[in-house]
Amino acid sequence: MAPLELAMQGLAVFGLVLFLVLWLMHLMSIIYVRLHLHKKRSEVKQPFAQLAGVSLLKPLKGVDPNLISNLETFFTLDYPKYEILLCVQDLDDPAVDVCKKLLGKYPNVDARLFIGGKKVGINPKINNLMPGYEGAKYQLVWICDSGIRVKPDTLTDLTNQMTEKVGLVHGLPYVADRQGFAATLEQVYFGTSHPRSYISANVTGIKCVTGMSCLMRKDVLDQAGGLIAFAQYIAEDYFMAKAIADRGWKFSMATQVALQNSGSYSIGQFQSRMIRGGRQTNSNTRRAERTWKKDKLHVSVQISRDSLAEYQNCQRPKRSIFQSLSPPTITVQECCLCNKENPALTDASRPIFIFLLMKFILCDGS
């Protein structure tokens, strides 16, 4: 068979497999949405008075035409016990005036304005939210972006999904109806390609969460170091979700979507947003890998130094034992350290330890 013909057949098989996988993801998403997101309200409703208190953290920067109408929907939530913590980084930000206007319009709503932020890392969103997080008085924290619009029962829907074993409730991103081709492009993307991947990932157990609307347990975040622990990452939503999952908590998806309703949009902004999202994912992946490798090397070298120091205090085996062994078969079993329990001596440290051990034996006196 000619190489070209073989390559074409392989490409055809790959295309068929990809087509089937995409359709499987599509069908899974349709079935899940039909069974989960279209539940009747009576199936998930809890007694209204028993709903837990929620602290809403709202990061704000700048003003767009829809900001005040989006924010106002949070002041009119039909929920018994919640607080709104408005966080603005700069005192001269025009969002401050919008917040003060809403605070004056709704004096009976438990809402506070925090200005100035707190520099704790490289993530500007976390820096902005820190004062609000430290001042939160409820054990459920809802982080919701400025461009999100909600319905009166949205928070009720989120807390209904926060069952005993759930530590995080997130909303499927979608886009509100707006005018123009750019708005239609965003709605097509968030109504086809994005939810297919997002929903199928969650169905198959892959933790896929976006931070535009997340309800989380504050005590679980505090166990992971609090909000400040995630200030070193740009994609803080991924690492917060990972920290919650690592502690044994499950995720749940709200029956209502996270409705994006930004008043400023264009094709260029949409393209930049997609590119920025990809770069943030790649950047945090490389950052995590570098941190892991650096820590691994540091631990390995330290273990080797400690092991070598302990070996020097042990009775040194005779050189003839090592001379009778070929280099590939030399292991730490020949060392008296191996008769002791040393769980820190991992496979990662063995090559360095063996190298230092052989150097000590062959170069030092008998």
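Residues numbered from 1 in each chain as written. Predicted model: local features only at pLDDT ≥ 70, side-chain atom pairs only at ≥ 80, totals over all residues. Heavy atoms only, no water.

*Asks:* Honestly, the environment of G53 in this entry has me stumped. Any pointers?
*Replies:* Looking at the secondary structure, you find G53 in the loop between helix 2 (41–44) and strand 1 (54–60). Spatially, the C-alpha atoms of G53 and Y82 are 5.3 Å apart, while their sequence positions differ by 29 residues. Residues within four places of G53 in sequence aside, it is in contact with K81, Y138, Q139 and L140. (Helix = DSSP H or I, 4+ residues; strand = E, 2+ residues; numbered from the N terminus. Contact = heavy atoms within 4.5 Å.)

*Asks:* Please explain the packing of helix 7 (residues 181–191) against helix 8 (residues 193–203) as it appears in this structure.
*Replies:* Relative placement of two packed helices is described by the angle separating their axes and the distance separating the axes. Contact pair helix 7 / helix 8: the axes reach a minimum separation of 3 Å and the direction vectors enclose 25 degrees. One way to sum up the angle between helix 7 and helix 8 is to call them roughly parallel. Within the contact between the two elements, helix 7 uses V188, Y189, F190 and G191 and helix 8 uses S193, H194 and P195. For the contact of helix 7 with helix 8, a count of residues per class yields four nonpolar, three polar and no charged. (Axes fitted to C-alpha atoms, helices over the stretch in contact; angles between N-to-C directions. Parallel < 35°, antiparallel > 145°, perpendicular 65-115°, else oblique. Nonpolar A, V, L, I, M, F, W, Y, C, P; charged D, E, K, R; others polar.)

*Asks:* Looking at this structure, how should I read the sheet that holds strand 2 (residues 82–88)?
*Replies:* Two modes of strand pairing occur in sheets, parallel and antiparallel, and in both the strands are linked by backbone hydrogen bonds. As summarised here, the arrangement of the seven strands in space is 3-2-1-4-8-6-9, forming an open sheet in which the pairing is mixed. What marks the edges here is a single partner per strand, and that holds for strand 3 (111–115) and strand 9 (250–253). The sheet shows a mean angle of 20 degrees between the axes of neighbouring strands, taken without regard to direction. Here strand 2 pairs with strand 3 via five bridges, running parallel. What sits directly across from L85, in strand 3, is R112. (Pairing = 2+ DSSP bridges.)

*Asks:* I keep staring at the pairing of strand 4 (residues 140–144) and nothing clicks. Help me out?
*Replies:* Side-chain positions along a regular strand alternate between the two faces of the sheet. With respect to burial, strand 4 is a largely interior element, five of its five residues being buried. Here strand 4 shows two buried faces, one formed by L140, W142 and C144 and the other by V141 and I143. As paired strands, strand 1 and strand 4 are joined by four bridges and run parallel to one another. Bridged to V54 within strand 4 is L140. As defined by bridge partners, strand 4 adjoins strand 8 (residues 213–217) across five bridges and the pair is classed as antiparallel. Looking at the pairing, C144 lines up with S213 of strand 8. (Buried < 20%, exposed > 50% of the residue type's maximum accessible area, 1.4 Å probe, protein only.)

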